[in-house]
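# Close look at the chain arrangement
In case you want the letters, here they are:
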Amino acid sequence: AGGALLALLVQLLRWLRADGDLTLLWAERWGKKPEHELRGKVVWVTGASSGIGEELTYQLAKLGALLAISARREDELQRVKKKCLQISSLSENDILVLRLDLTDRSSHEAATNSVLKHFGKIDVLVNNGGRSQRSLFVDTNLDVYNAIIELNYLGTISLTKYVLNHMIQRKKGKIVTVSSVMGIMGAPLATGYCASKHALQGFFNSLRTELTDYPEISIIQICPGPVQSQIIQNVFTENLAKSLENSGDQSHKMPTDRCARLTLVSVANDVKEAWISDHPYLAVCYLWQYAPTWAWWLMNRMGKRRIQNFKSGIDADASYSRKKK
């Protein structure tokens, strides 16, 4: 009995220190390694000019993946490409810089054809482009919600449609979408962002069931919690013309390189849905899944503090995230 109790305590301690769900952490320790699975693969990353997308690009370059990198700012993409060439053995032709506006859906077919013309195939699409939100619903203009859905949801599934046609022809490929823990739970100050991520979760869960005749096409959803990135500096606010006045200190959030590494572990192991977060968000994901009444109780309290933080000019998640050393 004592041994069983000790084993239980050890597992509890591991869970309290976890920064990903149990399936993901199992895959990280015992599963396939990104170094083996992604070397030489053609990977198209959207939102590659900053944040998680930028860090994913660097890690993929080090692994030896062939890269198409997209965002609206071509000068920033060129900066990312230059660093990739410095830190890896890739050559100039191994990295395609392709300017892309996700809201310009009429350009997505041509963009896909450009990647195919350059590399001949697309093994992995990483849908990472998007914007978050910091505003209360009662203060927010409806055109902000339209813009969020156009970018985060419709832009993502539009690009996916063209790439998926290619993958169906090849009968293999991976479509990876960076969703959020906000696609699993609800939170104040992000009603539109949560709605767009819930939409992505529902869409890709349904799409997966339409692809049962293509077992080598993987649909992978990545759900990060708060991560150190520039996403807060570029959030939607209560109107389209206004930017966030103070993004606050971000040091308490998960390091971007850790989030990117766990994302690549998920891709290598075809983890259908990966929760990548420190506590308390990780714990809330489990509660939302298995004990929703408790999740509502906890989120009501966390949410009140989140709004107070926001109104005080500090990061909304500052007071209950684990401080990084």
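Relevant structure appears above.
Residues numbered from 1 in each chain as written. Predicted model: local features only at pLDDT ≥ 70, side-chain atom pairs only at ≥ 80, totals over all residues. Heavy atoms only, no water.

### A word on the nonpolar core
Selection rule: Take the buried Ala, Val, Leu, Ile, Met, Phe, Trp, Tyr and Cys residues and link them wherever side-chain atoms come within 4.5 Å; each set so joined is a nonpolar core. The cut-offs for exposure are 20% and 50% of the maximum accessible area for each residue type, with area from a 1.4 Å probe on protein chains only; residues under the lower value are buried, those over the upper are exposed, and the others partly exposed. A contact between two residues is defined here by any heavy atoms of the two lying within 4.5 Å.
Membership of the largest hydrophobic core comes to 39 residues, with the highest contact counts inside it found for Val43, Leu60, Leu67, Ile69, Val126 and Ile276. If sequence neighbours within four positions are ignored, Leu67 has contacts with Val43, Thr57, Leu60, Ala61, Cys84, Leu90, Asp94, Ile95, Leu96 and Phe119. Counting residues in hydrophobic clusters, the runner-up holds 30 residues, among them Ala68, Leu98, Leu100 and Leu164.

### Some words on unusual backbone geometry
Stated precisely, the cut-off is as follows: Each helix is a run of DSSP H or I of at least 4 residues and each strand a run of E of at least 2, with the numbering of both proceeding from the N terminus.
Cis geometry is found at the peptide bond from His279 to Pro280, where omega equals 10 degrees. As for its position among the elements, Pro280 is in the loop between β7 (273-276) and α10 (281-290). Non-glycine residue Leu189 carries a positive phi angle of around 75 degrees. In this fold, Leu189 is placed in the loop between β5 (173-178) and α8 (191-210). Relative accessible area serves as the criterion here: at 1%, Leu189 is assigned to the buried category.

### A few points about helix α4 (residues 51-63)
Side chains that are three or four residues apart share a direction in an α-helix, a result of its 3.6 residues per turn. For clarity, the cut-off: An expected span of 1.5 Å times one less than the residue number is assigned to each helix.
Between its first and last C-alpha, α4 extends 19 Å over 13 residues, near the 18 Å set by a 1.5 Å rise per residue. Those residues of α4 that fall on the buried side of the exposure criterion are Gly51, Ile52, Gly53, Glu54, Leu56, Thr57, Tyr58, Gln59, Leu60, Ala61 and Leu63. A positive backbone phi angle near 90 degrees is found at Gly64, which sits one or two residues after α4.

### Some details on the pattern of salt bridges
The test is simple: In the sections that follow, a salt bridge refers to a side-chain nitrogen of Lys or Arg positioned within 4 Å of a carboxyl oxygen of Asp or Glu.
Per the stated rule, a full pass over the model turns up 14 salt bridges. A salt bridge links Glu35 to Arg261; its shortest N-O distance comes to 2.9 Å. Linking Glu35 in helix α3 (residues 34-37) with Arg261 in helix α9 (residues 256-268), this pair joins segments that are 226 residues apart in sequence. On the accessibility criterion, Arg261 (23% relative accessible area) is partly exposed. Of the charged contacts in the structure, one is a salt bridge between Lys121 and Asp123, with a shortest N-O distance of 3.3 Å. Judged by its relative accessible area of 27%, Lys121 is partly exposed. Judged by its relative accessible area of 8%, Asp123 falls in the buried class. Taken together, the shared-partner salt bridges in this structure form one network comprising Asp19, Glu28 and Arg258.

Any functional reading would require information that these geometric values do not contain.
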